[in-house]
Structure formats: C-alpha cells, structure tokens
Amino acid sequence: MEQYDFIVVGGGIVGAAVYYKLATAHPEAKIVLLEKESALASHQTGRNSGVIHSGLYYKPGSLKARTCLDGYRQMLDFAAEHGVKHDVCGKIVAAVGPEEEARLETLRLRGAENGLDGLRYLSDQELREREPEASATKALLVPQTGIIHYADAAEAMLAAGRGAVRLNTQVTGFTRDGVQTSTGRIRGKHVLVCAGLQSDRLARLDGVDAGLRIVPFRGDYYELSPRAQAKVRHLIYPVPDPNFPFLGVHFTRMIHGGVECGPNAVFSFAREGYTKTAFDAGDAAAALSYAGTWKLFAKHWRYGLGEYERAFSKQKFLAALQRLIPSLRPEDLQPGRAGIRAQALRRDGSLEDDFVLRQGERAFHVLNAPSPAATASLAIADEILRQAIP
Ligand SMILES: Cc1cc2nc3c(=O)[nH]c(=O)nc-3n(C[C@H](O)[C@H](O)[C@H](O)COP(=O)(O)OP(=O)(O)OC[C@H]3O[C@@H](n4cnc5c(N)ncnc54)[C@H](O)[C@@H]3O)c2cc1C
C-alpha cells in the first residue's frame, strides 16, 4: 500500500493551495492530491466569476476578512511569479437610490477598516469616463479588485508543487492510517480535506458535527454578445443585500475575453448538477430532511421566489441588470454557464457567514469556503497548515 506524509483531498483551488504550501514548507515530504473527477477544478473553482476580491465586504476581524486581504496579496504575487494571466482592473459598486447609498457608505467604511487603499466615490463625470453606460446615484471605486481564471491558478499551484495528483479517485472514508478511496486504500500521516460541495459529508464520516450542512446555491450567468461587450469596461457590481452572503448579479470582464453577467443564487436540488432542472435524489433528500433548510425557506421565501423567477425568466434577469446598465437589450444577453456555491447552513436556518475549519478524528476539514475563498485560498492554506500540522 502506498504511504504518504500528506494526503490532500479535492482538486479545487483550496486543495491546490494547500498542496502548494505543503510542498513549499516540506520539500522532502511525500504528498498526494486526490480528486474524484477526471479533471481538476471541475466544480466551484472552474465555474466562478474569476474575481480577485479586495476585501470590501467582510466583517473586520473575521477569518474571511483576514484571509481575503492576505490571500489577495499572495494571489497577485503567485500569479506574477508563475505567469498566471491576471489584471487588477478595479471595479465600481453602483448604488441606486438613498437606501442603497446608505448601505454603500457602510461598505466603504468597512472596506477602509479592512485596510483597502484608494476607495473613493466617483463624480458623475468620472463615472461617465470610466463606465459610460453605467447608471448610479452614487458609485464607489474599488481600485484593487482584479480578475483571473482560478482554474489556471490551481493548475499552476499543482505544477509548482511537483507532487503526485490522482484524478478519478474518490475518497469514500477514513481509516486509522489514511483514507479509503474508490481505487483502494492509501496511507497518509496527515489528511487534509478540501472537498467543496461534499465537505459536510466527508466531515461527518470523520466524526465532525459542526451543526452545519452544505446547501447548494446555483448561479446562472449570461454572456454579453460581442456587440454589447463595449458597454462594460471593467467590473460593475450592485450594492449587495446585507441579509445574504451573495453579491447580486454583476458584470464581470473575464481574463480570457468576454463579459459575463450574473450569477443569481437559486437553491439547487443537485450539488453538482448545472442545469436549471437538475435533480439528485440523495442531495434533495439531504437538504429537505434538514431542519435548517425549512427554516431558511420560511425566513427568505420572498427572496428565494424572486431568484427562481429570475432563473427562468430572461426578462426578469435583464431587469436586474438594467438597474446598472439601462441601455442593455434582450438581444445583448446570450445564455452562459452555471456554477454552484457550497454554502454552509446552520440548523437554525441562518447561513454561516465565515469560513469554517475543523479537526476531525482522522483528518482536518475545510467545512465552509464560499466566496471569496478562491481569492483567499493561499492564506486559507496557511491557516490550515498552522492549525492541522503541529
Ligand atoms: C458562481 C460562483 C461564483 C464565484 N465567484 C467567486 C469570485 O469571483 N471570487 C472568489 O474568490 N470566489 C468566488 N466564488 C467562490 C469560489 O469559487 C470558491 O470559494 C472556491 O472555488 C472553493 O474552492 P474549493 O477548492 O474549496 O472547492 P471546489 O472548487 O468545489 O473543489 C472541491 C473539489 O473537491 C473534489 N471532491 C469532492 N469530494 C471528493 C471526494 N470524496 N474525493 C475526492 N475529491 C472530492 C471535487 O470534485 C472538487 O474538485 C464563486 C463561487 C461560485 C460557485
């Protein structure tokens, strides 16, 4: 049986970052990364907005805020050093009306407290120069925000780590001396699990009860037609609803070309099903037998209904986008891809806002790593190594 010093489970950006940090800190160690799919970054990492978040939104002092700011700098350094294409193009957050303006000011203060540089409101003329088609009663410039393709970053981390990567290898359980997989047992001294949408299931198999369950929230994107792409120069975001950890449908210029609009946030009946009607009996049963899901539905049914309507009605999706760019027309939007967020839900129906890391009986688990965990991945990896490896 193979014997490793470290087994990393999950070939998304968090697993890749852990692998890279382990290889750097322990150059003599034998490390293997196990991924159940036939390709790396098949789930959240390869299906996200590709934004390098600067730390505007997160509660000062939280693990999210700390690791986002640190991870932001590390991601830029890593990308520069390893030739991963990226661009610090900045974004604007656009408020429409007095209520959103007040929330935008709260965000500005939070961003300043988190240590962001160069945050400032744009004058009407500056907004017109920067984003001529955007409409806002107040617009905050966040110059540090950038774009990247996180699957490229994950590949580069694994290449730089020089260890073994095993695709098509699903971890199905934990043993005293390692893990059980779909292709046999593998021995390892330390096991670090970064399994995204499956994280709660693997944690439960390892005796962790953190009072959390992963609920999948699908995000659909549209793409701007080639003709309409000129309407967006950088990134344009709305002011998010503070009751949810989602940022609202926004415009994102992609690093490999094109402009995406989205994602919405729709409760999904399949953790890894990317169509609007995807259904997985096991996933649906797990979600619907959990008290937290029903409490979430009861509390936020109006919001949920709105998101469902937007998912099935292009007209409604367009209306949300037109608040930011009024000149947008139905023919400007082409159907795009979808991603699914792994979001931890507490039994009381509240969404876990911060990243959650837990030691199990045999392995160390990343239990909640939604956005901005791709940005923060290298700093999350530092935190994991600090907590998991004595
Ligand atoms: C629509 C959307 C937009 C987002 N936008 C941004 C953004 O702009 N910026 C940002 O910073 N973050 C963003 N995020 C969040 C970000 O994508 C995630 O936080 C991040 O990718 C999490 O990485 P991960 O490695 O934990 O999970 P994943 O990328 O999901 O990787 C987990 C991996 O574990 C594997 N796995 C699961 N179970 C097993 C098993 N039993 N055995 C072996 N392998 C297993 C899976 O196949 C998968 O490859 C977005 C997310 C979504 C969905």
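Residues numbered from 1 in each chain as written. Predicted model: local features only at pLDDT ≥ 70, side-chain atom pairs only at ≥ 80, totals over all residues. Heavy atoms only, no water.

## What to know about helix α1 (residues 13–25)
(1) Moving on: An ideal rise of 1.5 Å per residue puts 18 Å on 13 residues; α1 measures up with 18 Å between its terminal C-alpha atoms.
(2) Moving on: Inspection of α1 places I13, V14, G15, A16, A17, V18, Y19, Y20, K21, L22 and A23 among the buried residues, and these make up the whole buried set. (Helix = DSSP H or I, 4+ residues; strand = E, 2+ residues; numbered from the N terminus. Expected span 1.5 Å × (residues − 1). Buried < 20%, exposed > 50% of the residue type's maximum accessible area, 1.4 Å probe, protein only.)

## Focus on the nonpolar core
(1) Moving on: The biggest cluster of nonpolar side chains holds 45 residues, and the ones touching the most others in it are I13, V18, L22, M157 and I384.
(2) Moving on: Secondary structure elements with two or more residues in this core: β1 (3–9), α1, β2 (31–34), α2 (63–82), α5 (150–161), β20 (364–368) and α10 (373–388).
(3) Moving on: Ignoring any residue separated from it by four or fewer positions in sequence, one finds V18 in contact with V8, L192, C194, A381, I384 and L385.
(4) Moving on: L141, A228, L318 and A320 belong to the second largest nonpolar core, which has 24 residues in total. (Core = buried A, V, L, I, M, F, W, Y, C linked by side-chain atoms within 4.5 Å. Contact = heavy atoms within 4.5 Å.)

## Some points on the packing of aromatic side chains
(1) Moving on: What the rule picks out here adds up to ten aromatic pairs.
(2) Moving on: Ring centres 5.3 Å apart and planes at 80° place the aromatic pair F267 and F269 in the edge-to-face group.
(3) Moving on: When the centroid spacing of 6.2 Å and the interplanar angle of 35° are considered together, the rings of F269 and F279 count as tilted. Taken as a pair, F269 in the loop between β17 (266–267) and α7 (281–288) and F279 in the loop between β17 and α7 lie far apart in primary sequence, ten residues in all.
(4) Moving on: With a relative accessible area of 28%, F269 lands in the partly exposed category.
(5) Moving on: Every member of this aromatic cluster is reached through a ring pair, and the members are F217, F246, F267, F269, F279, W294 and F297.
(6) Moving on: Over the aromatic face of Y121 sits the side chain of K138, whose NZ or CZ is 4.6 Å from the ring centroid. (Phe/Tyr/Trp six-rings, centres within 6.5 Å; stacked < 30°, edge-to-face > 60°. Lys NZ or Arg CZ within 6 Å of the ring centre and 35° of its normal.)

## Some remarks on the sheet that holds strand β8 (residues 146–148)
(1) Moving on: Taken in spatial order, the three strands of this open sheet run β3-β8-β4, and their pairing is antiparallel. Because the sheet does not close on itself, it has two edges, and the strands there are β3 (51–52) and β4 (86–87). (Pairing = 2+ DSSP bridges.)

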